[in-house]
Amino acid sequence: MIVIAHLSDIHIGATPESVGRADAVMRYLDALPGDLDAVLVTGDIADHGLAEEYESAAKVLTSRHPVLVGPGNHDVRGEFRRVLLGEEPAVGPVNQVLRTAGAVYAMCDSSIPGQPAGHLEDETLAWLEGVLGGTELPVFVAFHHPPVLLHSLVDEIRLHRHERLEELIADHSNVRAVLVGHAHTAAATTFAGRPLLVGGGVVSTLKLPWEGGTTIGACADYEWPPLIAFHVLDDGGRMTTHYRVVP
């Protein structure tokens, strides 16, 4: 059985409480009596892409479990690479892979520098095809922007031009699920015939239109507790997701 913790949108620097909320989540995960196969953080690590925000994130996003962190539309590739990955700053997509004994986790960069919406560059799609074709293990594909409508305010800034990604995933039976963030709300749907699972927001929760979230100013609630997901792939191949609030 594979157990993954999935969190997203910690937005360090967005509010004075952002570091404490992210830290509470990571300490909760570290205090679990059982081990996790991976902790995936699907983007918007820093709110303004500043070096000091990434330095705070680097201190918070430590764990006894394997951690894989990807960028979102609020992130800046150069500082993300330099501070979080210890690499030279570069403008290309930040694509990373985590390989464990039981699964492979492909974290794709869906950001478009300077824009809120997302897409996967040709370089990223070619990289992902190599990852998917290079293993027979279960693969979890992760990135920031949802590629489908979620019926919320983030729909206009979702992942666009997703057709090649959809074909790629449909052609590889070892993809077990697609994991995304960006929406600041827990959601579950499908994409390319696979589960598409949206991690809840850590820094805030976005209200849905029928909850009053009809404008940007009215949709973000910073009082609701951080929300994370546990994704479970059992020995029979069934995917199950449990969502948890972290007080």
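Anything mentioned here points back to the structure above.
Because the structure is a prediction, the values reported are computed rather than measured.

Rules used throughout
Each residue is numbered by its place in its chain's sequence as written, counting from 1. Per-residue local features are limited, in this predicted model, to residues with pLDDT of at least 70; the limit for side-chain atom pairs, both in listing and counting, is 80 or more; totals at the level of whole chains, interfaces and linings are taken over all residues. For side-chain calculations, the full set of non-hydrogen atoms in the structure is used, while hydrogens and water are omitted. Each helix is a run of H or I in the DSSP string that is no shorter than four residues. Each strand is a run of E no shorter than two, and both are numbered from the N terminus. As defined in this context, the radius of gyration uses C-alpha atoms, and a globule is described by 2.2 Å times the residue total to the power 0.38. Note on exposure labels: buried denotes an accessible area under 20% of the residue type's maximum, exposed denotes more than 50%, and partly exposed covers the range between, all computed with a 1.4 Å probe on protein chains only. Working rule for contacts: check all heavy atoms of both residues, and any pair within 4.5 Å makes them a contact. Using a 1.4 Å probe, the Shrake-Rupley method yields the accessible areas, and only the shown protein chains count as cover for residues. Counted as positive: Lys and Arg. Counted as negative: Asp and Glu. His and the chain ends are not counted at all. Throughout, a charge is located at the NZ atom of Lys, the CZ atom of Arg, the CG atom of Asp or the CD atom of Glu.

*Asks:* Which residues make up the overall build of the chain, and what are the values?
*Replies:* A count of helices and strands for the chain gives 6 helices and 15 strands. Taking 2.2 N^0.38 as the reference for a compact globule, 247 residues should give roughly 18 Å; the C-alpha atoms of the chain span a radius of gyration of 17 Å, in line with that estimate. Seen through its C-alpha atoms, the chain measures out along the principal axes to roughly 45 × 45 × 40 Å. The burial tally for the chain puts 54% of its 247 residues in the buried class. Nonlocal contacts in the chain, meaning residues at least 24 apart in sequence, comprise 67% of its contacts between residues at least 6 apart. With an accessible surface of roughly 10,500 Å², the chain has 53% of that area assigned to carbon and sulfur atoms. Across the chain, the mean location of the 16 positive side-chain charges is 3 Å away from that of the 32 negative side-chain charges.

*Asks:* Could you give an account of unusual backbone geometry, naming the residues involved and the relevant values?
*Replies:* As a rule of thumb, non-glycine residues mostly have phi less than zero, and peptide bonds are mostly trans rather than cis. A positive phi angle is found at Asp9, which is not glycine, with a value near 55 degrees. In this structure, Asp9 sits in the loop between β1 (2-7) and α1 (18-30). The backbone of Ala192 sits at a positive phi, close to 55 degrees, despite the residue not being glycine. Relative to the elements of secondary structure, Ala192 occurs in the loop between β10 (187-191) and β11 (194-198). For Ala192, a relative accessible area of 14% gives the class buried.

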